[in-house]
Amino acid sequence: MMESKERVLLDEQAIRRAIIRISHEIIERNKGIKDCVLIGIKTRGIHMARRIAENISRIEGETIPVGEVDITLYRDDLTPETSTADPELKGTDIPIDLNDKRVVLIDDVLFTGRTVRAAMDALIDAGGRPSQIQLAVLIDRGHRELPIRPDFIGKNVPTAKDELIAVGFTEEDGKDQVIIRNRT
């Protein structure tokens, strides 16, 4: 039997620094925040989106709208064979009409790209037609199955497919940290 190895990739300070840097990059790329909206992918993406919004508010002196999207019904891996119960819906909340807005979609980890694809489908169905969708992630671990590339990255972490990345945010998990471990 293989021993499970776990190590911390980012601690609380490193996460804070990465989110502050991403916040600045969003402002720079968009030349301010006019017509921008942050949308967090449930669950941990919304915590990251709220933190980015707080940073942007401090930097720019104005608020940026923040919404959340639930991709449960848009996942391509929910089939009668793989799902034993009805999927749990967590709700989508988009505070403004997204037509002609620049949306920054936010998630904790980018892996195959399927979550992001599902989130884009959910966004279009829920909120209209944005002028642009940008992607911000805390961790990009590679292994893409779809042609999706993040615009803002906290940290690139090359991984093996059998490794797991676990992101913890205080709001959800009681502690800010990113760990990597082998599947065992």
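One can find the structure itself at the top, above this paragraph.
Sequence positions are assigned chain by chain, starting from 1 and proceeding in written order. Only residues with pLDDT of at least 70 get local features here, since the model is predicted, and only at 80 or more are side-chain atom pairs given and counted; chain-wide, interface and lining totals rely on the full set of residues. The side-chain numbers reported here are obtained from all heavy atoms of the structure, hydrogens and water having been left aside.

Undergrad: Lay out the pattern of salt bridges with the relevant residues and their values.
TA: A side-chain nitrogen of Lys or Arg and a carboxyl oxygen of Asp or Glu constitute a salt bridge if their distance falls within 4 Å. For the structure on display, the rule yields 13 salt bridges. Ionic pairing is found between R29 and D151, a salt bridge with its closest N-O pair at 3.2 Å. With R29 in helix α1 (residues 12-29) and D151 in the loop between β5 (132-140) and β6 (152-156), this residue pair connects regions lying 122 residues apart in the sequence. By relative accessible area, D151 is classed as partly exposed at 23%. For R50, the salt bridge goes to E68, with nearest N and O atoms at 3.0 Å. Separated by 18 residues along the polypeptide, R50 in helix α2 (residues 44-60) and E68 in strand β3 (residues 66-69) bring together distant segments of the chain. Exposure remark for E68: the relative accessible area of 14% places this residue in the buried category. Helix and strand assignments come from DSSP, with helices taken as H or I runs of at least 4 residues and strands as E runs of at least 2, each series counted from the N terminus. Under the scheme applied here, a residue whose accessible area is under 20% of the maximum for its type counts as buried, over 50% as exposed, and between as partly exposed, the area being computed with a 1.4 Å probe on protein chains only.

Undergrad: Lay out the sheet that holds strand β4 (residues 102-110) with the relevant residues and their values.
TA: For two strands to be treated as a pair, DSSP must find at least two bridges joining them. Spatial ordering of the open sheet is given by β3-β2-β4-β5-β6, a layout of five strands whose pairing is parallel. Strand pairing shows two members of the sheet lacking a second neighbour, β3 and β6, which therefore form its edges. Looking at each pair of strands side by side, their axes are set apart by 25° on average, direction ignored. Where strand β2 (residues 36-41) and β3 come together, four bridges link them in parallel fashion. In the sheet register, I41 faces β3, and the bridge partner there is V69. The contact criterion used is simple: two residues touch if any of their non-hydrogen atoms lie within 4.5 Å. Angles shown run from 0 to 180 degrees and are taken between the N-to-C directions of axes, each axis being a line fitted to C-alpha atoms and, for helices, limited to the stretch in contact. Its contacts with the sheet place α1 against β2, β4, β5 and β6, and it is angled at close to 150° to β6. Packing against the sheet, α2 makes contact with β2, β3, β4 and β5, and its axis sits at approximately 150° to β2.

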